[in-house]
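# Structural features, examined
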Amino acid sequence: MLTLNELPADKGRYRYFLNDEIADVDETFHCEPQADGQLAVNSVRKVPGLTISVLARIDSMGVHAFDVCWSTDRSPAIAASCALEAEALTYSRKIGDTACQPSSIVTTDYAKPLLYPLMRIFTGTVIRQLAELGGEAQVLVPFIADPKNTQKLLSPEITTRRAVAEGDCEVERINGETIDCTLWRFTGGQYSSDARFWLSADGRLQRYCWQQDESRRWDVRLV
């Protein structure tokens, strides 16, 4: 089965539906193979007043470095950089031009975590990595749960994530075509056991459904 870093240069878009209505969220990605065999992935998510951009590098082991920027109309941009190195995981963060978290080493009681830089294009890679590690591992995600908390925004959040395959199925795409997929449960962080994720044979996320709370149900599809 192909991994994300083995895919050819391509681009795509994820369309978000909130309670079955199209949401004002535009998330695009572009994948570009590098001369050293790695894959550079740029993904941008735009909502009114906010742009999140990620540039990540992927090798055969998964995401090993990324830069992420949170940019709004009314406040200085917040940026963070993360890299898995031979002996440590480094993470730095700044607000505007001011470093608010100097380059540091993130340590845990476990092995170095998997990196999940927010965007949907990286979801399949993390799920497959979890499966290869027995279904459970520590995963690092930049914190975005409380956008008003600028002192914490994009800081590293490490949680235990789990992935379990629930069988093969077909997914109908927005254009009416069907694609063979595997259905996964991917839990931990904001995702409870009712969240569902569909990956195609190349490991790419085709669709996911998530009940955020009692009034918000998300359905996100690759187009």
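Report on the accompanying structure. Being a predicted model, the structure only gives us computed values, none of them experimental.

### A short note on the nonpolar core
Ranked by size, the top nonpolar core spans 51 residues in total, and within it Tyr 14, Phe 66, Val 68, Phe 122, Leu 130, Phe 186 and Phe 197 carry the most contacts. Among the elements that line this core, the one with the most residues is strand β4 (residues 50-59), at five residues. Non-local contacts of Phe 122, meaning those with residues more than four positions away in its chain, are made with Val 41, Val 54, Ala 56, Ile 58, Val 63, Tyr 116 and Pro 117. Counting five residues, the second largest nonpolar core, distinct from the first, contains Val 171, Cys 181, Trp 198 and Cys 209.

### Some details on the pattern of salt bridges
A full pass over the atoms with the stated rule returns 10 salt bridges. Its salt-bridge partner being Asp 10, residue Arg 204 comes within 2.7 Å of it at the nearest N-O pair. You can see Arg 204 sitting in the loop between β13 (196-200) and β14 (205-213) and its partner Asp 10 sitting in strand β1 (residues 10-18), a full 194 residues away along the chain. Judged by relative accessible area, Arg 204 falls into the buried class, the value being 7%. A salt bridge links Glu 27 to Arg 45, with the shortest nitrogen-to-oxygen separation between them at 2.6 Å. With Glu 27 in strand β2 (residues 21-33) and Arg 45 in strand β3 (residues 39-47), this residue pair connects regions lying 18 residues apart in the sequence. Arg 45 sits in the buried class, given a relative accessible area of 12%. Overlapping salt bridges, with partners in common, bring together Glu 166, Arg 185 and Arg 196 in one network.

### Considerations on the packing of aromatic side chains
Evaluated as defined, the whole model comprises nine aromatic pairs. Taking 5.2 Å as the distance between ring centres and 80° as the angle between the ring planes, the aromatic pair formed by Tyr 191 and Phe 197 counts as edge-to-face. Exposure class is identical for Tyr 191 and Phe 197. Each is buried. An angle of 80° between the planes, with centres 5.9 Å apart, marks the rings of Tyr 191 and Tyr 208 as edge-to-face. Taken together, the residues span a long stretch of sequence, with Tyr 191 in the loop between β12 (178-187) and β13 and Tyr 208 in strand β14 at a distance of 17 residues. What makes Tyr 191 buried here is its relative accessible area of 4%. Taking the relative accessible area as the measure of exposure, Tyr 208 reaches 3% and is therefore buried. A connected cluster of aromatic rings, assembled from ring pairs, spans Tyr 116, Phe 186, Tyr 191, Phe 197, Tyr 208 and Trp 210. The ring of Phe 143 has Lys 152 lying over it, and the distance from NZ or CZ to the ring centre is 4.3 Å.

### Brief notes about the side chain of Glu 27
Classification of Glu 27 as buried rests on a relative accessible area of 1%. At a separation of 2.6 Å, a polar atom in the side chain of Glu 27 contacts the side chain of Arg 45. Within the local environment of Glu 27, its side chain forms a polar contact with the backbone nitrogen of Arg 120, the two atoms lying 2.8 Å apart. Each residue touching Glu 27, except ones within four places of it in the same chain, is listed here: Gly 12, Arg 13, Tyr 14, Tyr 16, Ser 43, Val 44, Arg 45, Met 119, Arg 120 and Ile 121.

### Quick word on the pairing of β3
Here β2 runs beside β3; their pairing, made up of eight bridges, is antiparallel. Looking at β3, one finds that Glu 27 is bridged to Arg 45. In this sheet, β4 lies alongside β3 in antiparallel orientation, the contact comprising nine bridges. Within β4, the residue paired with Val 44 across the bridge is Ser 53. Connecting β3 to the antiparallel partner β4 that follows it, the hairpin turn spans two residues, and Gly 49 within it adopts a positive phi of roughly 85°.

### So, unusual backbone geometry
Although it is not a glycine, Asp 20 sits at a positive phi angle of roughly 70°. Position of Asp 20 relative to the elements: it lies in the loop between β1 and β2. The backbone of Leu 154 sits at a positive phi, close to 70°, despite the residue not being glycine. Here Leu 154 shows up in the loop between β10 (136-142) and β11 (156-172). Among the residues examined, Leu 154 registers a relative accessible area of 0% and is labelled buried.

Parameters at a glance
Residues numbered from 1 in each chain as written. Predicted model: local features only at pLDDT ≥ 70, side-chain atom pairs only at ≥ 80, totals over all residues. Heavy atoms only, no water. Core = buried A, V, L, I, M, F, W, Y, C linked by side-chain atoms within 4.5 Å. Buried < 20%, exposed > 50% of the residue type's maximum accessible area, 1.4 Å probe, protein only. Helix = DSSP H or I, 4+ residues; strand = E, 2+ residues; numbered from the N terminus. Contact = heavy atoms within 4.5 Å. Salt bridge = Lys/Arg side-chain N within 4 Å of Asp/Glu carboxyl O. Phe/Tyr/Trp six-rings, centres within 6.5 Å; stacked < 30°, edge-to-face > 60°. Lys NZ or Arg CZ within 6 Å of the ring centre and 35° of its normal. Polar contact = N/O pair within 3.5 Å; in protein donor to acceptor, adjacent residues only side chain to side chain. Pairing = 2+ DSSP bridges.

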